[in-house]
Structure formats: C-alpha cells, structure tokens
Amino acid sequence: MALIAVLATTLSACSEGRTLRVCADPNNLPFSNAAGEGFENRIAELVARDLGAKVRYTWWAQRRGFVRNTLRAGACDLVAGVPSSYELVQTTRPYYRSTYVFAYRGGRGLHLRSFDDPALRTLKIGVPLLGDDYANAPPAHALARRGIVGNLRGYSVYGDYREPNPPARIMDALAAGEIDVAVVWGPLAGWWAREHRVPLEIVPVEPQVDLPFFPMVYDISMGVRRGDATLRAEVDEVLRRRRAEIDAILDRYGVPRVETPRVASAP
C-alpha cells in the first residue's frame, strides 16, 4: 500500500508539471505581448520547455516599479530582457548583445554611421525619452555633447498605453516622414523596420561607448530574484545549451547584435 501511495503521489506531481512563472509586458512588441508574439515570449517558452515546464505569465507594464511589483512581490520568478548590469535583479549570463542604431528612410542619400556626422546638425532627429520624468537616453546625451539639441524630438518609451506597443511611436513617426532619423534601441528598430512598408535603413551607432561614459551597447540577460541561485543556474545552462535556437529567434525578429564595445577616443 505504501508503494502505491508513493506512485500515486509521483504521478500526481508529474501530471501537474512544473511551472515557470514569468513576468512580462503584455503590450510591447517586438519584446512581448499577451498573445505570446514577442521574441522574449519565444525565448521564455524555449527555456521552459528545456526545463520540462510550462510558462505562466503575470502581465505588468514595464514602467517604473515593474520589478518591485512583480519579481520582488513574488508574482513571478523570472523576467526576460534586462541589462546584464541591472542592479534590481540577479542576472543570468547574457543571451544577446545589441546596440542603439540610426534608423532612416532609404533612398535619401544618407549614410549615417557616427554621432560625429555633420548631417545630424540639420536633420530632424527622434530620440527616446525614459521614465515618467522624460529623462534622456544615451543617444540624446551623445548628441547634446556635440551641440545637437534644437533639432531633436523626444518620444517617451512609455507613451500612451491605451495604444498598441507605445514605444513604437518613434518608428511610426519615422515611417510617416515626421522625422528624418530615429536613434533607437536596435531590437525595436529591427522589428518595426520590417513591419513598416517604407524601406528603412538600420545602422549601429558609433562610437559604441561615448565619452565621458554613455554606453550605446548592452548585454541582455534574464533576471531572477536575488538569492535564487538555483533557478539562475538552471536558466544559465539552458541559455548556454540553446544558444543556436535563441540566435534563430533573434534573427527572425531582426534583432541586430554586436561584438565587444569599442570606446571613443577623447576629442
């Protein structure tokens, strides 16, 4: 009877299966959405399958307080797509490295590569604004350091959350001709350049680290609660084992990747 009880308990546990609890934004393509269409959705599902688990999401807009209200509140155990240096979580090994890019409409004779290109002084340039207080992202600092201020237009990465994928408004403005250039995070640009009918060029910015210290390139990891060494080690192994499949997912979404950052020389 004891053996039967043990077997019954084991089968029950197996039938329930393991759950990987993930917190993500339900309205933020190409990263994630509630329909599971983002590349972070795909990678989270890949990790879960490797662990013999199913993903269960807690949806929360990725705005100020996201980690406090989700991971730290115990609503989930894993978040995807955080900078590897992110202090609010314990990060896994990086699974990609991307960069801010220049995005502009093709066929206009532009060949932007560097923040030092003189053409930037006369073009209408869209830049992302971070947070509720509209803080400047690194590209705005790099342009301001060169005296390029009056021709900048800011687009909040929070935007109007009643609309689909609010961070994408800067790419909509570019496609509509409201701005000449957008200096945006590469994964956002790569995806929306494919989705818009207007041909768009996507070029990684130079330098990769502007002085005094404005990184344009970031390693991206997953994050677990601080102290959850077991899950971190498990996810680390999956990210290592599934590297080729993760790269294939990133390719399908047009995510630009770069190698080790190069630091600008002093002017």
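None of the values given here were measured: they were computed from a predicted structure.

Calculation rules
- Residues numbered from 1 in each chain as written.
- Predicted model: local features only at pLDDT ≥ 70, side-chain atom pairs only at ≥ 80, totals over all residues.
- Heavy atoms only, no water.
- Helix = DSSP H or I, 4+ residues; strand = E, 2+ residues; numbered from the N terminus.
- Buried < 20%, exposed > 50% of the residue type's maximum accessible area, 1.4 Å probe, protein only.
- Areas by Shrake-Rupley, 256 points an atom, 1.4 Å probe, with all protein chains shown as cover.
- Salt bridge = Lys/Arg side-chain N within 4 Å of Asp/Glu carboxyl O.

Chemist: Report on the overall build of the protein chain, specifying residues and quantitative values.
Modeler: Helix and strand counts for the protein chain stand at eight helices and 15 strands. Taken over 267 residues, the protein chain has a buried fraction of 49%. Summed over all atoms, the accessible surface of the protein chain reaches about 13,100 Å², with 53% contributed by carbon and sulfur.

Chemist: Provide a residue-level description of the pattern of salt bridges, including the pertinent values.
Modeler: For side chains of opposite charge, pairing can occur when their charged atoms come near one another. Enumeration over the complete set of coordinates arrives at 18 salt bridges. As a salt-bridge pair, D116 and R146 come within 2.6 Å of each other at their nearest N and O atoms. Of the two residues, D116 is situated in the loop between β7 (96-105) and β8 (125-130) and R146 in the loop between α4 (138-145) and β10 (152-156); the sequence distance between them amounts to 30 residues. Judged by relative accessible area, which is 54%, D116 ranks as exposed. Overall, R146 belongs to the buried group, its relative accessible area being 13%. R169 is paired through a salt bridge with D172; the nearest N and O atoms lie 2.7 Å apart. One end of the pair is R169 and the other is D172, both in helix α5 (residues 169-175) and three residues apart, which spans about a single turn. Relative accessible area serves as the criterion here: at 26%, R169 is assigned to the partly exposed category. Each member of the salt-bridge network shares a partner with another, and the members are D50, R241, R242 and E245.

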